[in-house]
Amino acid sequence: MKFPKNFLWGGALAANQCEGAYLEDGKGLSVPDMILGGDINTPRTICKYIQKNKFYPSHEAVDFYHRYKEDIGLFAQMGFKVLRISINWARIYPTGEEAVANEAGLKFYDKIFNECHKYGIEPMVTLSHYEMPWHLVEKYQGFYSRIVIDYYLKYAKTCFKRYRNKVKYWLTFNEINAGTMADPLASIMGLGYMTRKDLQRNEPCTFDELSDNPQERYTALHHELVASALAVIEGHKINPEFMIGNMISHITWYPRTCNPKDILAWQQKDAIFNDFCADVQIRGEYPEYMLAYLKNHQIDTSYILVNDKKILKEGVIDFYTMSYYISNCVSTDPNVEKIGGNLVGGAKNPYLQASKWGWQIDPDGLKYTLKAISSRYPKIPIMIVENGFGAVDKVEKDGSIHDDYRIDYLRKHLIAMKEAINEGVNLIGYTSWGPIDIVSAGTGQFYKRYGFIYVDKHDDGTGDFSRIKKDSFYWYQKVIKSNGEDL
Ligand code: BG6
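Keep in mind it's a predicted model, so treat the numbers as computed, not measured.

Visitor: Looking at this structure, how should I read the overall build of the protein chain?
Guide: Of the regular secondary structure elements, the protein chain holds 16 helices and 16 strands. Relative to the 2.2 N^0.38 estimate, which gives 23 Å for 487 residues, the radius of gyration of the protein chain is 21 Å and therefore close to what a compact globule would have. Each principal axis of the C-alpha atoms in the protein chain carries an extent, and together these give about 60 × 55 × 45 Å. Burial statistics for the protein chain: of 487 residues in total, 63% are counted as buried. Taking as baseline every contact in the protein chain between residues at least 6 positions apart, the subset at least 24 positions apart corresponds to 75%. For the protein chain, the computed accessible surface area is about 18600 Å², with 51% contributed by carbon and sulfur atoms. One way to put it: in the protein chain the 58 positive side-chain charges average out to a point 3 Å from where the 60 negative ones average out.

Visitor: Got a minute to help me understand the packing of helix H7 (residues 147-162) against helix H10 (residues 214-238) in this structure?
Guide: Helix-helix packing: each pair is described by the crossing angle between the helix axes and the interaxial distance. Running from N to C, H7 and H10 cross one another at 30°; their axes reach a closest spacing of 9 Å. By the angle between their directions, the pair H7 and H10 is classed as roughly parallel. Relative to H10, the crossing made by H7 is right-handed. Each of Ile149, Tyr152, Leu153, Ala156, Lys157, Phe160 and Lys161 in H7 lies in contact with H10, whose residues at this interface are His223, Val226, Ala227, Leu230, Ala231, Glu234, Gly235 and Ile238. For the contact of H7 with H10, the class distribution of residues is ten nonpolar, two polar and three charged.

Visitor: How should the site of the ligand be read in this particular structure?
Guide: Near the ligand lie 14 residues; those nearest to it are Gln17, Glu175, Ala441, Lys448 and Tyr450. One of the side-chain N or O atoms of glutamine 17 is found 2.7 Å from an oxygen atom in the ligand. In this structure, an oxygen atom belonging to the ligand sits 2.9 Å away from a side-chain N or O atom of histidine 129. Protein chains bury 98% of the 380 Å² of accessible surface belonging to the ligand in isolation. Across the shell around the ligand, the residue classes tally to five nonpolar, six polar and three charged.

Visitor: In this structure, what is going on with the packing of aromatic side chains? I would like to understand it.
Guide: Where two aromatic rings form a pair, the distance of their centres and the angle of their planes describe that pair. Across all of its chains, the model carries 36 aromatic pairs by this definition. Ring centres 4.9 Å apart and planes at 55° place the aromatic pair phenylalanine 3 and phenylalanine 7 in the tilted group. Classification of phenylalanine 3 as buried rests on a relative accessible area of 4%. The buried category is assigned to phenylalanine 7, whose relative accessible area is 2%. Taken together, a centroid distance of 5.1 Å and an interplanar angle of 5° make the contact between phenylalanine 75 and phenylalanine 80 stacked. Among the aromatic side chains, those forming a connected cluster through ring pairs are Phe3, Phe7, Trp9, Phe75, Phe80, Tyr430, Phe452, Trp475 and Tyr476. Above the face of the tyrosine 93 ring, lysine 154 is positioned so that its terminal group lies 4.4 Å from the ring centre. The cationic tip of lysine 269 hangs over the ring face of tryptophan 253; the distance from NZ or CZ to the ring centre is 4.7 Å.

Visitor: Whenever I open this one, the sheet that holds strand E3 (residues 45-46) confuses me. Can you help?
Guide: If you walk across this open sheet you meet the three strands as E2-E3-E7, and the pairing is antiparallel. One side of each edge strand has no neighbouring strand; the edge strands of this open sheet are strand E2 (35-36) and strand E7 (205-206). Two elements, E3 and E7, share two bridges in a ladder whose sense is antiparallel. If you follow threonine 45 over to E7, its bridge partner there is threonine 206.

Visitor: Where do I start with unusual backbone geometry in this structure?
Guide: Comment: phi is negative for the bulk of residues other than glycine, and the bulk of peptide bonds are trans. A positive phi angle, near 60°, is found at aspartate 63, a position not held by glycine. Looking at where aspartate 63 falls in the secondary structure, it is placed in the loop between helix H2 (57-60) and helix H3 (64-78). Here the phi dihedral of glutamate 175 falls at roughly 45°; this positive angle occurs in a residue that is not glycine. Within the secondary structure, glutamate 175 sits in the loop between strand E6 (169-171) and helix H8 (184-191).

Visitor: I keep staring at the side chain of threonine 252 and nothing clicks. Help me out?
Guide: Turning to its location among the elements, threonine 252 is positioned in strand E9 (residues 248-255). Owing to a relative accessible area of 1%, threonine 252 belongs among the buried residues under this scheme. A polar contact of 3.1 Å, which involves the side chain of threonine 252, links it to the side chain of histidine 250. Not counting residues within four places of it along the chain, the set of residues in contact with threonine 252 comprises Asn274, Tyr324, Ile326, Ser327, Asn328, Gly365, Tyr368 and Thr369.

Visitor: Quick question: what am I supposed to make of the confidence of the model for the protein chain here?
Guide: Segments scoring low in pLDDT should not have their predicted coordinates read at a detailed level. Here the protein chain averages 97 in pLDDT, and 100% of its residues register 70 or above. Per-element mean pLDDT across the protein chain ranges from 92 in H8 up to 99 in E6.

Visitor: Can you walk me through the pairing of strand E1 (residues 8-12) in this structure?
Guide: Working note: regular strand, side chains alternate between the two faces of the sheet. The buried fraction of E1 amounts to five of the five residues, a majority that puts the element mostly inside the structure. Of the pairings in the sheet, the one linking E1 to strand E14 (residues 427-433) comprises five bridges and is parallel in character. Looking at the pairing, glycine 11 lines up with serine 432 of E14.

What counts, and at which threshold
Residues numbered from 1 in each chain as written. Predicted model: local features only at pLDDT ≥ 70, side-chain atom pairs only at ≥ 80, totals over all residues. Heavy atoms only, no water. Helix = DSSP H or I, 4+ residues; strand = E, 2+ residues; numbered from the N terminus. Rg over C-alpha atoms; globule rule 2.2 N^0.38 Å. Buried < 20%, exposed > 50% of the residue type's maximum accessible area, 1.4 Å probe, protein only. Contact = heavy atoms within 4.5 Å. Areas by Shrake-Rupley, 256 points an atom, 1.4 Å probe, with all protein chains shown as cover. Lys, Arg positive; Asp, Glu negative; His and termini not counted. Charge placed at Lys NZ, Arg CZ, Asp CG, Glu CD. Axes fitted to C-alpha atoms, helices over the stretch in contact; angles between N-to-C directions. Parallel < 35°, antiparallel > 145°, perpendicular 65-115°, else oblique. Left-handed = near helix turned anticlockwise from the far one by under 90°. Nonpolar A, V, L, I, M, F, W, Y, C, P; charged D, E, K, R; others polar. Near = heavy atom within 4 Å. Polar contact = N/O pair within 3.5 Å; in protein donor to acceptor, adjacent residues only side chain to side chain. Phe/Tyr/Trp six-rings, centres within 6.5 Å; stacked < 30°, edge-to-face > 60°. Lys NZ or Arg CZ within 6 Å of the ring centre and 35° of its normal. Pairing = 2+ DSSP bridges. pLDDT = per-residue confidence, 0-100.

Pasting the structure below:
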């Protein structure tokens, strides 16, 4: 039972959660720059204008923009083979509408990629990780407007051409399937979509005050799928060697009981949430169950144009990637006990423990998921591009950090991966989420930490950004060195 020889070990980051420097070198405002932090009980707040005297976690984040050399050096010490980052769209096209790309923004990522290559680390780039230029949201309601496909494609082509020889692995959109949910955070961050009514509010409003319009949201999601397919087509023209992947937020669902009603509800949930987008991106067309679902929910699908079908057919991806943190249950019982989760919660599973943020820990679920994906899409390689444990870390008097809970979580998930590989899954790599502490996307907190490397930065804005290696740093180093033998 072994990991393959060239297994891609590494870590994953998103620009808006680590870089900071939110207006430096010509960068424009992007969606997360407008969002205040919250916590497990307090939803995040979106502002139409930057409010004075408020703390926006993405504005400085963990200052990766200025400290990338130190950080990539630390990743290299752990032995990373791959580093997944995102390019912040608003660094390259500050409003999204410019005709000419911002050279200073492009140069920054040149420096990042050069630094990676210095250590033999393969960069993997997400083109859009929850960070659309804010201007495109305000003017066009993000991907709800078809024109945003053109702006995205212009941006994607700029990146593909510029980094043609520096980056081989690309992901078009982070967690594209988040758009299937009536969740404001997912809509605004993933699709750049807000209802017109919400955009007209001048006062900041919390995510639970925002409205949803499924017709518009599914239109936006369709445009994003078309944009993704066009990027695949154009990317392959620019460099046929590119490996271009999708990225699915995989929340593994189980029926809460063997009541056939629960089974049916689970089947539907799993299909719409986990399968639909991947089916489009891999098989090149809308599955029948989805068209029926949209029809049954009174969604008019005239936004699917004849030419879109051709684009979807042609722009199929090269490898399947996903985030995996949790599993949740589906139940038809209105009184069932509920639990939270990544973007979306569900019914509580009595067999699982949960993190402090209510995310259920389920390594067996990862094995099950990998096997399910592999039998659904037998031909393409799979990669886990996010997985990790958000927890509170304590710095001891001597400066050490004993994060055995994180090691335990990761170890169990790596064992599950190994077992899945042993049972035939073509898994090519693993990038743990937030190898260095970053801002949480869901709550905007620094308090919720994922890193192997601690960053001295806190939710009240204090901290000197100094970096400390946690126990997990040395553990992951050992894991990579032994190619997953020494867990
Ligand atoms: C994923 C996102 O859904 O979950 C990341 O792609 C995010 O951006 C990660 O940070 C963990 O979620 P959170 O809310 O703990 O940051």
